[in-house]
Amino acid sequence: MGRVEGKVAFITGAARGQGRSHAIRLAQEGADIIAIDVCEDIPGAPYAGATEEDLAETVRQVEALDRRIIATKADVRDFDALKSAVDEGVAQLGRLDIVSANAGIVTDMAPTEELSEEIWTDMINVNLSGVWRTTKAAIPHIKAGGRGGSIILTSSNAALMVYQNLAHYTAAKHGVVGLMRTLALELAPHMIRVNSIHPTQVNTDMIQNEAIYKLFRPDLKNPTREDFKTASVAMQALPIPWLEAIDISNALLFLASDEARYITGVTLPVDAGGSIK
């Protein structure tokens with residue numbers, strides 16, 4: 001217990017899934033939380049977006065751990081709203097030490113030449129530009145603290161390998177790595193570490209939906225979760241179909257903690273060996 005005791009973490013996409021898991025795990029280890037989520041459906045996404053009720057549940061679970069949390073409905077596509085949420089969180093909680101740029105989406109999937117302008121633009125705007133906006137809003141507060149800090153950007157195995165029919169997602173996640181490495185150099189003089197984390201499939205709404213099932217099982221007219229499970233097992237070296245959100249949160253906690261105090265500029269796969277297959 002207490003691996004991030006007394007620190008404050010800013011987490012995007014915190015209403016459910018990996019973001020909620022990150023908030024709870026960091027709170028378990030002593031951090032207070034600044035949380036945001038768009039709490040809306042995303043056009044083109046094959047699953048329902050998080051809700052304000054979901055974000056309220058994240059608040060409830062963090063407060064049940066006797067930690068403070070400031071939660072705001074905000075969109076990583078809107079820098080002013082993002083900055084306002086971070087500024088208010090720091091004003092109330094007093095500092096900022098950790099950033100989890102976690103918010104991300106999957107939208108319509110198709111061969112590259114068939115992707116629409118809108119789908120391409122929305123993907124880049126959330127999964128790459130949204131990560132940049134998150135760091136842009138947060139960095140001045142970490143610098144002002146003068147204590148160093150840790151920024152963790154959520155990328156994907158799609159940044160370490162290639163998935164067909166996901167050019168927009170793959171390009172965005174590759175871009176996150178470039179951003180991470182640039183920030184790691186820029187912020188090193190301030191003892192602010194920057195790393196990226198690269199999950200394989202994680203058991204959340206982002207993968208448990210009909211569109212993903214069809215992407216992985218195009219041979220079937222109406223593939224099920226079990227059909228997807230078979231295909232997903234084949235992608236990992238370890239014989240499992242997917243990870244749970246807590247697996248990513250535990251890796252993020254390590255990177256956020258002083259145990260990783262000299263680790264920066266690293267792409268950390270949490271993928272059951274998928275990137276080496």
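These numbers were taken from a predicted model, which means no experiment stands behind them. (Residues numbered from 1 in each chain as written. Predicted model: local features only at pLDDT ≥ 70, side-chain atom pairs only at ≥ 80, totals over all residues. Heavy atoms only, no water.)

Moving on, we come to unusual backbone geometry. Even without being glycine, Asp-66 reaches a positive phi, approximately 65°. Relative to the helices and strands, Asp-66 is located in the loop between α2 (52-63) and β3 (69-73). Residue Asn-165 is not a glycine yet carries a positive backbone phi of 65°. With respect to the secondary-structure elements, Asn-165 resides in the loop between β5 (149-154) and α6 (167-187). (Helix = DSSP H or I, 4+ residues; strand = E, 2+ residues; numbered from the N terminus.)

Tracing the chain through its elements places Gly-265 in the loop between α9 (245-256) and β7 (267-270). If sequence neighbours within four positions are ignored, Gly-265 has contacts with Met-180, Arg-181, Ala-184, Val-194 and Asn-195. (Contact = heavy atoms within 4.5 Å.)

To continue, consider the domain arrangement of the protein chain. If you check the domain split of the protein chain, you get domain 1 (6-202 + 244-267) and domain 2 (207-240). Between domain 1 and domain 2, the contact holds eleven residues from the first and ten residues from the second. Taken over both partners, the interface formed by domain 1 and domain 2 buries close to 770 Å², and the fraction arising from carbon and sulfur atoms is 72%. Of all residues in domain 1, Pro-46, Met-109 and Gln-201 bury the most surface against domain 2, accounting for 56% of the area lost on that side. On inspection of domain 1 and its partner domain 2, the count reaches zero salt bridges. (Domains from an automatic or database assignment. Buried area = accessible area lost by both parts, 1.4 Å probe. Salt bridge = Lys/Arg side-chain N within 4 Å of Asp/Glu carboxyl O.)

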